[in-house]
Amino acid sequence: MADPPAPPPPTTTVVVMGVAGAGKTTVAMELVRRLGWDYAEGDGFHPTVNVEKMRSGRPLDDEDRWPWLRAIARWIHDHQVARKNVIVTSSALRRAYRDLLRKDNPSVWFVHLNVPRDVLRDRLVQRRRHYMPASLLDSQLDTLEPLQPDEPGTAIPGDVPPEIVVDHVLEALGRERPTTLATSQEAP
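Here is what the cut-offs are and how they apply
- Each residue is numbered by its place in its chain's sequence as written, counting from 1.
- Since the coordinates come from a predicted model, pLDDT governs what is reported: local features require at least 70, and pairs of side-chain atoms require 80 or more to be given and counted, while whole-chain, interface and lining totals use all residues.
- To get the side-chain values, take all heavy atoms of the structure and skip hydrogens and water.
- Think of it this way: any DSSP run of H or I at least four residues long counts as a helix, any run of E at least two long counts as a strand, and we number them from the N terminus.
- Whether a residue is buried, partly exposed or exposed follows from its accessible area with a 1.4 Å probe, protein chains only, as a fraction of its type maximum: under 20%, in between, or over 50%, in that order.
- The contact criterion used throughout is that any non-hydrogen atoms of two residues lie within 4.5 Å.
- The length a helix should cover is 1.5 Å for every residue beyond the first.
- Strands qualify as paired when DSSP identifies two bridges or more between them.
- For every residue, the predictor states its confidence as a pLDDT score lying anywhere from 0 to 100.
- Salt bridges are defined as contacts in which a side-chain nitrogen from Lys or Arg sits within 4 Å of a carboxyl oxygen from Asp or Glu.
- In this description, a line fitted to the C-alpha atoms serves as the axis of each element, helices being fitted only across the stretch in contact, and the angle between N-to-C directions of two axes falls anywhere from 0 to 180 degrees.
- Two aromatic rings from Phe, Tyr or Trp, using only the six-membered ring of Trp, form a pair when their centres are within 6.5 Å; if the ring planes differ by under 30 degrees the pair is stacked, by over 60 it is edge-to-face, and anything between is tilted.

A. Spatial organisation of the side chain of Thr-13. Residue placement: Thr-13 occurs in strand S1 (residues 13–17). What makes Thr-13 buried here is its relative accessible area of 0%. Residue contacts for Thr-13: discarding those within four places in its chain leaves Ile-76, Val-86, Val-88, Ser-107, Val-108 and Trp-109.

Given below as structure tokens:
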């Protein structure tokens with residue numbers, strides 16, 4: 001009797017996280033370019049009221065963030081069920097927020113972009129066409145709980161060129177989830 005076929009490799013959802021100005025979108029887009037995975041910009045899940053609150057210079061609180069995080073978690077879950085590897089950005093500032101994204105989503109693997117405060121502030125001041133003002137950086141840094149060793153993922157310095165950041169991300173991902181990464185690289 002032949003052995004049953006091996007189960008398909010598990011999917012991976014790379015959540016690129018960090019405070020505003022860390023380079024989440026830039027790194028995510030480079031990952032998409034290299035891996036060819038589907039992508040969602042976490043800011044796109046914010047309800048209009050959240051965007052307007054941030055645009056006016058007021059930081060979000062937990063009550064503002066929970067519906068936004070649940071929407072991202074649903075998107076992750078839908079892609080996980082469809083057995084698709086994906087990339088999404090989200091500040092995911094607190095452990096509780098990351099726990100919500102991981103609940104029922106074992107595919108989640110975090111990339112925490114660490115960037116010095118002065119670099120973040122410079123990036124935010126120079127950024128155009130984004131609703132998040134530099135004045136909210138301190139509130140995000142105050143809220144940030146760094147990725148912990150028992151959380152799936154890696155912390156990477158984000159103040160180097162994006163290509164180098166992504167090299168480090170792919171190296172860490174290859175160590176921790178080689179089957180998923182190998183499968184994505186073999187896809188047409």
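From this point, the discussion proceeds with the structure in view.
B. The arrangement of helix H1 (residues 24–35) in detail. With 12 residues, H1 ought to run about 16 Å at 1.5 Å a step, and its terminal C-alpha atoms sit 16 Å apart, in line with that. Among the residues of H1, those classed as buried are Lys-24, Val-27, Ala-28, Glu-30, Leu-31, Val-32 and Leu-35. Among the residues trailing H1, Gly-36 stands out with phi positive, at a value near 75°.

C. Representation of the pairing of strand S3 (residues 86–89). Burial along S3 is two-sided: the face carrying Val-86 and Val-88 and the face carrying Ile-87 and Thr-89 are both buried. In this structure, S1 lies alongside S3, joined through four bridges in parallel fashion. Across the sheet, the residue bridging to Val-15 is Val-88, located in S3. Here three bridges tie strand S2 (residues 38–40) to S3, and the two strands are oriented parallel to one another. Looking at the pairing, Asp-38 lines up with Val-86 of S3.

D. Molecular detail of the confidence of the model for the chain. Mean pLDDT for the chain: 88, with 87% of residues reaching 70 or above. Considering each helix and strand of the chain separately, the mean pLDDT is smallest for helix H8 (residues 178–186), with a value of 62, and largest for S3, with 98.

E. Fine view of the environment of Val-16. For Val-16, the location among the structural elements is in strand S1. Judged by relative accessible area, Val-16 falls into the buried class, the value being 0%. In this structure the C-alpha to C-alpha distance between Val-16 and Ala-155, which are 139 residues apart in sequence, comes to 10.0 Å. In this structure Val-16 touches Lys-24, Val-27, Ala-28, Leu-31, Ile-87, Val-88, Thr-89, Ser-90, Val-111 and Leu-113, once residues within four positions along its chain are discounted.

F. Here's a closer look at the pattern of salt bridges. For the coordinates displayed, the defined rule picks out 17 salt bridges. Here Lys-103 and Asp-104 are joined by a salt bridge, their closest N and O atoms 3.8 Å apart. Residue Lys-103 shares its accessibility class with Asp-104, and that shared class is exposed. Shared partners join several salt bridges into a network, and the residues in it are Arg-95, Arg-98, Asp-99, Arg-102, Asp-150 and Glu-151.

G. View of the sheet that holds S3. Taken in spatial order, the five strands make up an open sheet running S2-S3-S1-S4-S5, and their pairing is parallel. The sheet is open, and its two edges are formed by S2 and strand S5 (153–157), each paired on a single side. Neighbour to neighbour, the strand axes of the sheet diverge by 20° on average, direction disregarded. Running over the sheet, helix H4 (residues 95–102) touches S1 and strand S4 (108–114) and is turned about 150° from S4.

H. Inspection of the packing of aromatic side chains at higher detail. Considering all chains together, one arrives at two aromatic pairs under this definition. Plain terms: the ring middles of Phe-45 and Trp-75 are 6.3 Å apart, the flat faces sit at 70° to each other, and that makes the pair edge-to-face. Of this pair, Phe-45 sits in the loop between S2 and helix H2 (48–55) while Trp-75 sits in helix H3 (residues 62–81), placing them 30 residues apart in sequence. The buried category is assigned to Trp-75, whose relative accessible area is 15%. With a centroid separation of 5.3 Å and an interplanar angle of 90°, the aromatic rings of Trp-66 and Tyr-97 are classed as edge-to-face. Of the two residues, Trp-66 sits in helix H3 while Tyr-97 sits in helix H4, which places them 31 residues apart along the sequence. Taken as a pair, Trp-66 and Tyr-97 share a single burial class, namely buried.

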